[in-house]
Amino acid sequence: MSKVLIIGAGGVGGVVAHKCAQVPEVFTEICLASRTKARCDRIAAQVPRPITTAQVDADNVDELAALIDCVEPELVINVALPYQDLSIMEACLKAGVHYLDTANYEPPDVAKFEYKWQWAYQERFQKAGLMAVLGCGFDPGVTNIFCAYAQQNMYDEIHSVDIVDCNAGDHGHPFATNFNPEINIREVTQRGKYWEEGEWKEIDPMSISEMIDFPEVGPRKGYLIYHEEEESLVRHIKGLKRIRFWMTFSDNYLTHLRVLQNVGMTRIDPVMYEGHEVVPLKFLKVLLPDPSSLGENYKGKTCIGCVFEGIKDGKPKKRMLYNVCDHAECYKEVKAQAVSYTTGVPAMIGGYLMLTNAWAGAGVFNVEQLDPMPFMDLLNKYGLPWKEIER
Ligand code: NDP
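The residue numbers shown here count from 1 along each chain, following its written sequence. Since the coordinates come from a predicted model, pLDDT governs what is reported: local features require at least 70, and pairs of side-chain atoms require 80 or more to be given and counted, while whole-chain, interface and lining totals use all residues.

Caption draft 1: Summary view of the pairing of strand β12 (residues 242-248). Taking burial as the measure, the 7 residues of β12 include 6 buried ones, the bulk of the element. Pairing analysis gives 6 bridges linking strand β7 (residues 157-167) to β12, with the strands arranged parallel. Among the inter-strand pairings, Val-164 is bridged to a residue of β12, identified as Trp-246. For two strands to be treated as a pair, DSSP must find at least two bridges joining them. Only DSSP runs of H or I reaching four residues or more are called helices, and only runs of E reaching two or more are called strands; each is numbered from the N terminus. Two strands pair when backbone bridges link them, and strand β8 (residues 192-196) and β12 are joined in this way by 2 bridges, in the antiparallel orientation. Each bridged residue has a counterpart across the sheet, and for Trp-195 the counterpart in β12 is Ile-243. Of the pairings in the sheet, the one linking strand β11 (residues 218-225) to β12 comprises 4 bridges and is antiparallel in character. The partner of Tyr-223 across the bridge, within β12, is Met-247. We call a residue exposed when 12 or fewer other C-beta atoms sit within 10 Å of its C-beta, buried when the count reaches 20 or more, and partly exposed for counts in between; the C-beta positions come from the backbone.

Next comes the structure, spelled out in structure tokens:
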């Protein structure tokens, strides 16, 4: 018997619920909880297996711990927002259950992506004999697993990693974000950063771009941005000299974003409006399409992967590991677009490996510290097949 509690009923939460339901031999019971219970119920009605639902404020540790005590899961999968990571980790410690998430903690008042707050839980999880797995979506998540796999099987030394993320899909809206708008806009408007020869190099937002040839999608302009997995990969991939992260954006997306920034709509500090404090970005989120609603008419594909350069048997080697995912296929299977799908499937796989003890240990882990082999097999089995090519 292994019961899972999923927290967060957005685009990603829906996919995690669907995918866990497809594996009843591992996830024998599923409970989906979120701030708005109606959203959990809507997902539960689509899943072809009975799952229970609950309302919870995941900012409130006592409320969460009481829910965990009542549901009695072995594992909590956190697919709410990064703001809730620490309270959910606290509640898992209090209730004595394992933890997994897909995005690192961010303080609500500063757009800052760092693992330090969650790494600080190492000793407490170790002492409690519990496992916390951080960043188990696609990027972070599968990209970290690709790095661990490349280190173990493809290279003697990896010198550089370029993580490349392309969404070549079209959702038909003038402007929408593929995951939570607030988190997405905070991520892409911060200063860029990459790591080279032992130090972080900061750049102005979107100031470096390059044409990248994406398999099955074609050439697209990628922009160098900072992404959280770089911080842990720099620690865990031996001999690394450089790591960068590239994401594609359409000219239309960038034009909308520039206008929103110029008029102050992406600000995260409160402003007074008719006697009330309003955070412009939070207000903007209410106006933009919900990421979980984009799936129905989404066409096209995503292509996300890692390009490695390094040495094997004394010779230079440049290879790419990647996955291509089709928005319409995802919608047909789980009523979600490919960005939610590529995040939710790895979260389910991480949970699968924890519940079957293929991934075990006490403490806080980034996924590249765990065995990549069973994860790579399950990606092929559960909807995210990967390929390796020469570059
Ligand atoms: P959504 O905004 O669609 O969903 C977030 C869900 O969390 C909503 O159901 C929301 O509730 C719920 N929630 C928010 N605050 C609370 C709270 N205090 N208590 C309980 N529930 C709460 O986001 P996505 O599904 O697109 O993204 C989910 C997570 O996945 C995010 O952390 C995102 O950063 C991460 N992600 C990771 C990726 C990766 O590859 N690693 C890629 C994409 C996303 P309500 O319905 O009431 O608003």
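Caption draft 2: Here's a closer look at the site of the ligand. Residues in contact with the ligand amount to 34 residues; listed here are only the nearest, Gly-10, Val-12, Ala-58, Gly-137 and Phe-179. When contributions to the shell around the ligand are tallied by element, the ones reaching two or more residues are α1 (11-21) and α13 (338-355). Broken down by class, the residue content of the shell around the ligand amounts to 15 nonpolar, 14 polar and 5 charged. Any residue whose backbone-placed C-beta atom lies within 6 Å of a molecule or strand is treated as near that molecule or strand. Put simply, Ala, Val, Leu, Ile, Met, Phe, Trp, Tyr, Cys and Pro go in the nonpolar bin, Asp, Glu, Lys and Arg in the charged bin, and everything else, Gly too, in the polar bin.

Caption draft 3: A look at the nonpolar core. If you look at the biggest cluster of nonpolar residues, it comprises 115 residues, and the most contacted ones within it are Leu-32 and Ala-132. With 11 residues, α13 is the single largest residue contributor to this core. Those domain boundaries reflect an automatic or database domain assignment. Two domains each put at least three residues into this core: domain 1 (3-138 + 341-381) and domain 2 (142-336). Any pair of residues counts as being in contact when their C-beta atoms, constructed from backbone geometry, are within 7 Å of one another. If sequence neighbours within four positions are ignored, Leu-32 has contacts with Ile-6, Ala-9, Gly-13, Ala-17, Cys-40, Ile-43, Ala-44, Ile-51 and Thr-53. For our purposes the nonpolar core covers buried Ala, Val, Leu, Ile, Met, Phe, Trp, Tyr and Cys residues that link as a set through C-beta atoms within 7 Å.

Caption draft 4: Expanded view of the domain arrangement of the chain. You can read the domains of the chain as domain 1 (3-138 + 341-381) and domain 2 (142-336). Here the C-alpha centre of domain 2 lies 22 Å away from the C-alpha centre of domain 1. Across the boundary between the two partners, domain 1 contributes 28 residues, which contact 29 residues of domain 2. Sorting the residues of the side of domain 1 that touches domain 2 by element identifies α1, α13 and α14 (372-381) as the ones contributing at least two each. With 5 residues, the top contributor of residues to the side of domain 1 that touches domain 2 is α1. Residue composition of the side of domain 1 that touches domain 2, grouped by class: 15 nonpolar, 10 polar and 3 charged.

Caption draft 5: How the structure looks around the sheet that holds strand β1 (residues 3-7). Judged by pairing direction, the sheet is parallel, and its 7 strands sit side by side in the order β3-β2-β1-β4-β5-β6-β17 without closing on themselves. Strand pairing shows two members of the sheet lacking a second neighbour, β3 (52-55) and β17 (363-366), which therefore form its edges. Across the sheet, the mean angle separating the axes of adjacent strands is 20° when strand polarity is ignored. By the bridge criterion, 5 bridges tie β1 to strand β2 (residues 29-34) in an arrangement that is parallel. Counterpart to Ile-7 in the pairing with β2 is Ala-33. All axes here are fitted lines through C-alpha atoms, helices being fitted over the stretch that makes contact, and every angle between N-to-C directions spans 0 to 180 degrees. Strand contacts of α1: β1, β2 and β4 (75-78), with the helix running at about 170° to β2, the strand carrying the most contacts.

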